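Structure assessment
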Amino acid sequence: MIILGIILLVVGFVTGISILWTIGIVLAVIGAVLWILGSLGHAVAGRRHYW
């Protein structure tokens, strides 16, 4: 999810499409939060680890 967010950020920046930029930011932030929660040992969406 983080990688997809970064790809959308780059594509949105290069093409100038602001919706891709916004979606990329949202996906990167959500992916980072899930990654942090999973690494701290919290169950995320019924899974012990998220990667």
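All of the points below concern the structure found in this document. Here the structure is a predicted model, which is why all the values come from computation and not from measurement.

Tallying secondary structure elements over the chain gives two helices and zero strands in all. Taken across its 51 residues, the chain has 24% of its residues classed as buried. Look at the contacts in the chain between residues 6 or more apart in sequence, and 24% of them connect residues 24 or more apart. Carbon and sulfur atoms form 79% of the exposed surface of the chain, whose accessible area is close to 3800 Å².

So, about helix H1 (residues 2-15). With 14 residues, H1 extends 20 Å from end C-alpha to end C-alpha; this agrees with the ideal 20 Å at 1.5 Å per step. Taken residue by residue, H1 has Gly5, Leu8, Leu9 and Gly12 as its buried positions. Down the axis, H1 shows its buried residues gathered within 105° of arc, on one side only. Seen from the open side of H1, the exposed residues pointing more than 90 degrees away from its buried face are Ile3 and Val14.

What follows concerns a nonpolar patch on the surface. Together, Ile6, Val10, Phe13, Val14, Trp21, Ile25, Val29, Val33 and Leu37 make up a nonpolar patch on the protein surface, roughly 840 Å² of accessible area in all. For the nonpolar patch, the elements supplying multiple residues, two or more each, are H1 and helix H2 (18-39). Counting residues per element, the nonpolar patch draws most heavily on H2, at five residues. Position of Ile25 among the secondary structure elements: in helix H2. What makes Ile25 partly exposed here is its relative accessible area of 37%.

The next point concerns H2. Taking 1.5 Å per residue as the helical rise, H2 with its 22 residues ought to reach 32 Å, and the 32 Å between its terminal C-alpha atoms agrees with that figure. What H2 keeps buried is the set Gly24, Leu27, Ala28, Gly31, Leu34 and Gly38. Buried residues of H2 fall within an arc of 135° about the axis and therefore sit on the same side. Considering only its buried residues, H2 is in contact with H1. Looking one or two places after H2, you find Gly41, whose phi comes out positive at around 100°.

What counts and what doesn't
Residues numbered from 1 in each chain as written. Predicted model: local features only at pLDDT ≥ 70, side-chain atom pairs only at ≥ 80, totals over all residues. Heavy atoms only, no water. Helix = DSSP H or I, 4+ residues; strand = E, 2+ residues; numbered from the N terminus. Buried < 20%, exposed > 50% of the residue type's maximum accessible area, 1.4 Å probe, protein only. Contact = heavy atoms within 4.5 Å. Areas by Shrake-Rupley, 256 points an atom, 1.4 Å probe, with all protein chains shown as cover. Expected span 1.5 Å × (residues − 1). Arc of directions from axis to C-beta. Patch = residues over 30% accessible without salt bridge, like charges linked within 9 Å, V, L, I, M, F, W, Y side chains within 5 Å. Salt bridge = Lys/Arg side-chain N within 4 Å of Asp/Glu carboxyl O.

Fair warning: the whole summary comes from geometry, so function is off the table for now.
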